[in-house]
Amino acid sequence: MKDYFFQDTVGKPMDRVDGRLKVTGAAKYSAEYELPNMAHAVLVGSTIAKGSIKSLDTKRAENAPGVLAVLHYQNAPKVPGYAQAAHPTEPKPVGQPLQLFIDNQINFNDHPIAVVVADTLERAMYAAKLVKAQYNEEKHATDFNRNTAKAFLPTAAKRNPKHPLGDYVRGKEDAYKTEPLKIESEYVIPTEFHNPMELQSIIAHWEAADKLTVYDKTQAVMGTQSAFAKDWKIPVENVKVIATFVGGAFGNGLHTWPHETAAIMAAKKVNRPVKLMLTREQMFTMVGYRPHAWQKVGMSATKDGKITAITHEAIGQTSTYEEFTESTLQQTRMMYTSPNVTTRYRILPLDVSTPIWMRGPGEATGAFALESALDEMAFVLGMDPLEFRLINHTDKDPEKNLPWSTKYLKEAMQMGAERIGWNKRQLKPGMVKNGEWLVGYGMGVGTFGANRGRAKVKATLHKDGTLVMQSATTDIGPGTGTAMVQIAAQNLGLPPEKIVFELGSSLYPPSPSQGGSATVATVGSAVHAACQALKQRLTSMVAGNADTSFKGATVENLTFKDGYVSMTASPSARLSFADILKQQNLPELEVTEESTPDASLRQKYSMYSYSVHFAEVQVHPLTGQIKVTNMVSCADAGTIINAKTAGNQMVGGAVGGIGMALTEGAVMDHRFGRYVTKDLAEYHVPVHADAPNISSLFVNKPDLINNPNGTKGIGEIAIIGVAPAIANAIFNATGKRIRELPITPDKLI
């Protein structure tokens, strides 16, 4: 079928369709809804990291003005789903999310021990300070470095040796050890926190004993709906989840957390809507983080630059009650041509809360070690790091032995190298200067699976020629609604200003969570399918009209453009969409279409997005001050739907990578298992002064094997590879190789 597209839509830098709502304050976020008779809840956390509650004094809090309830393990409403999970005939799960108020056990510092509900937020905050607990304290373990011997193979890999988390060997195990030209280095990434602008928040409202509505900050409307229905043993359709706007999210909205259950419990107890918003300090303890990780890379190569072996080992932090794992070693298995690859992944349980995926998840962690090691190996060989990577470029997936669906990483490398001025880079560190400052150049490659899931979209074409689409997907910042409008405009031939895309409600057709860089490929494919269905319906209507020149027309010989249908051979014969509906005496035309990926293609092709990041830094040799003075981020991400929002994603990822490389890192006082960095004064996210002008470049070649729009994900690859690019640039400037992030001045002087 031949498609004719409305011009000036896909690929153009279109403004966000919800931009005006956001900048004028009209956009309503989860904590901004006003429900009649709404109460407010505040969580109380433990002051120890491990042990149990000996006694809990809530009397003063209960008697405080305006307090409606103080809930804890002794009096909180029981969650029916918890009882089933703990049933003695059920197999013991491989850990489980923290179950709120089921016993007196303490698993980490700031573990929720009570929730105070009052008629105002101020009264709830005051009463929360009156709750006092005495503990049976036990010796806790929070120091990663002192406990690495306790790391173990994840249970999923123990049960299935072929699991992706299991030990992997291609060729000879640890082959680098016997090679003459080799490097071996260890790398450390500290715990990092998401810190989106919008704090985690929820309003819970029991409309009936078995009917729950929540306004929730979540990346997964349908996942949240399913989780709460399961927890409370009510029909899925009786749980309504609203997340129309999300004020930034980098992964911590992909999990249901204790504060959500606390609000739902409280609403059930006081029989009125309850709002609960975490404090910034609680964002550091209750809703996940990028886990602390140790890595070791051994690598060998021939004198002419061919990698002969890579061994990559990693240990990632998790909690004692839940096994959290991520794909730290995936890039090592498939990125370079090495005939011998060994990977080993372990997790280390500590008395901390459970980590969660953070932008670029394990791949960003793994890329720091792998891409730093590539730079180290190139230096040993006396070879340009870009040339070294090009020599070891793979034309097919060496892990799966499959062809790539598309791969234009070489083009991305060439574009970026030219823009950054890579030819100014010297092999010997410290050779380029700008006055007193040492200048260095570095690069890092990133990759992430080009994923696609199943989604439905409802599309309604109204008699005035406007189109309204609906899907339960969310928008955590990348501009999902804008991209869907552009895809619809292109596929249906309708001006973007006549299209509305509604999202963020479980009342709409189902869609997966927004995570893993899969939303445009997934929901965009459903939008494509809905538009094709509308075109077929419109074609049937005009073709069946015996009194017009459209009689017998097919989609193939019609043009859909500017909201009109015309004969391709004679464009003067045309009808507007509105006229067609009017002729049929229809107020609207409605279709609901589901898009499902072809599973067989995943058996035939390996599908990834790729990025390459180039950094120019300046380092002051006396003070160790580091300035990132230029960055170029290039992506092979298939068809670029919106040049502006795609560029935003690349710039945002690069800034996040600057934070990862130079400023971000949790500090814990292990005497108490308590974070010292617990606000934005102590935990340093990068600000405007830390970020240079960042160029974003796209290969912009479609991957039509992956999906009909030819897109691949951007959000994750925008940060994967940034931190090693900066670390490598610092080495090129100073000759000092820093392998533990963040790279702060004290590590350079």
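Use the structure listed above.
Everything quoted here is computed from the prediction, not taken from an experiment. (Residues numbered from 1 in each chain as written. Predicted model: local features only at pLDDT ≥ 70, side-chain atom pairs only at ≥ 80, totals over all residues. Heavy atoms only, no water.)

Draft legend 1. Here's a closer look at the nonpolar core. Met299, Val612, Met631, Leu662, Ile726 and Ile743 are the most contacted members of the largest nonpolar core, which has 81 residues in total. Setting aside residues no more than four positions away along its own chain, Met631 makes contact with Ile420, His613, Phe614, Ala615, Ala654, Ile658, Pro692, Asn693, Ile694, Ser695, Val722 and Ile726. If you look at the next biggest cluster of nonpolar residues, it comprises 67 residues, including Trp206, Ile234, Val274 and Ile476. (Core = buried A, V, L, I, M, F, W, Y, C linked by side-chain atoms within 4.5 Å. Buried < 20%, exposed > 50% of the residue type's maximum accessible area, 1.4 Å probe, protein only. Contact = heavy atoms within 4.5 Å.)

Draft legend 2. Up close: helix H13 (residues 519–543). With 25 residues, H13 should reach 36 Å at 1.5 Å per residue; the first-to-last C-alpha distance of 35 Å fits that figure. Counting buried positions over the 25 residues of H13 gives 20, a clear majority of the element. (Helix = DSSP H or I, 4+ residues; strand = E, 2+ residues; numbered from the N terminus. Expected span 1.5 Å × (residues − 1).)

Draft legend 3. Up close: empty space enclosed by the protein. Applying the stated criterion across every chain yields a total of five cavities of 30 Å³ or more. Estimated volume of the largest cavity: approximately 80 Å³. In terms of residue class, the lining of the largest cavity is built from eight nonpolar, five polar and one charged. What the second largest cavity holds in volume is close to 60 Å³. Together, Phe108, Asn109, Thr285, Asp351, Val352, Ser353, Met668, Gly673 and Tyr675 line the second largest cavity. Across the lining of the second largest cavity, the residue classes break down as four nonpolar, four polar and one charged. (1 Å grid on protein atoms, 1.4 Å probe; cavity = no way out; pocket = protein on both sides within 12 Å on 5 of 7 lines; lining within 4 Å. Points joined across faces, edges and corners; volume = space filled by probe spheres on them. Nonpolar A, V, L, I, M, F, W, Y, C, P; charged D, E, K, R; others polar.)

Draft legend 4. Layout of the pairing of strand E10 (residues 211–216). Among the six residues in E10, five count as buried, and that is most of the element. Taking the residues between adjacent antiparallel strands as the criterion, strand E9 (residues 201–208) and E10 are bridged by two residues. In terms of strand pairing, E10 meets strand E11 (residues 239–242) through four bridges, oriented parallel. In the sheet register, Tyr215 faces E11, and the bridge partner there is Ile242. (Pairing = 2+ DSSP bridges.)

Draft legend 5. Structural detail: the pattern of salt bridges. Scanning the entire structure with this criterion turns up 21 salt bridges. Salt-bridge contacts for Asp15 lead to Lys644; the nearest nitrogen and oxygen are separated by 2.5 Å. Placement of Asp15 in the segment before helix H1 (19–24) and of Lys644 in helix H16 (residues 643–663) is noted, with a sequence separation of 629 residues between them. With a relative accessible area of 35%, Lys644 lands in the partly exposed category. Note that Lys678 and Glu281 form a salt bridge whose closest N and O atoms lie 3.8 Å from each other. You can see Lys678 sitting in the loop between strand E30 (674–675) and strand E31 (694–698) and its partner Glu281 sitting in the loop between strand E12 (274–277) and strand E13 (293–301), a full 397 residues away along the chain. According to the relative accessible area criterion, Lys678 is partly exposed, its value standing at 31%. Given the relative accessible area of 41%, Glu281 is considered partly exposed. A network of salt bridges, in which partner residues are shared, links Glu173, Asp174, Glu313 and Arg344. (Salt bridge = Lys/Arg side-chain N within 4 Å of Asp/Glu carboxyl O.)

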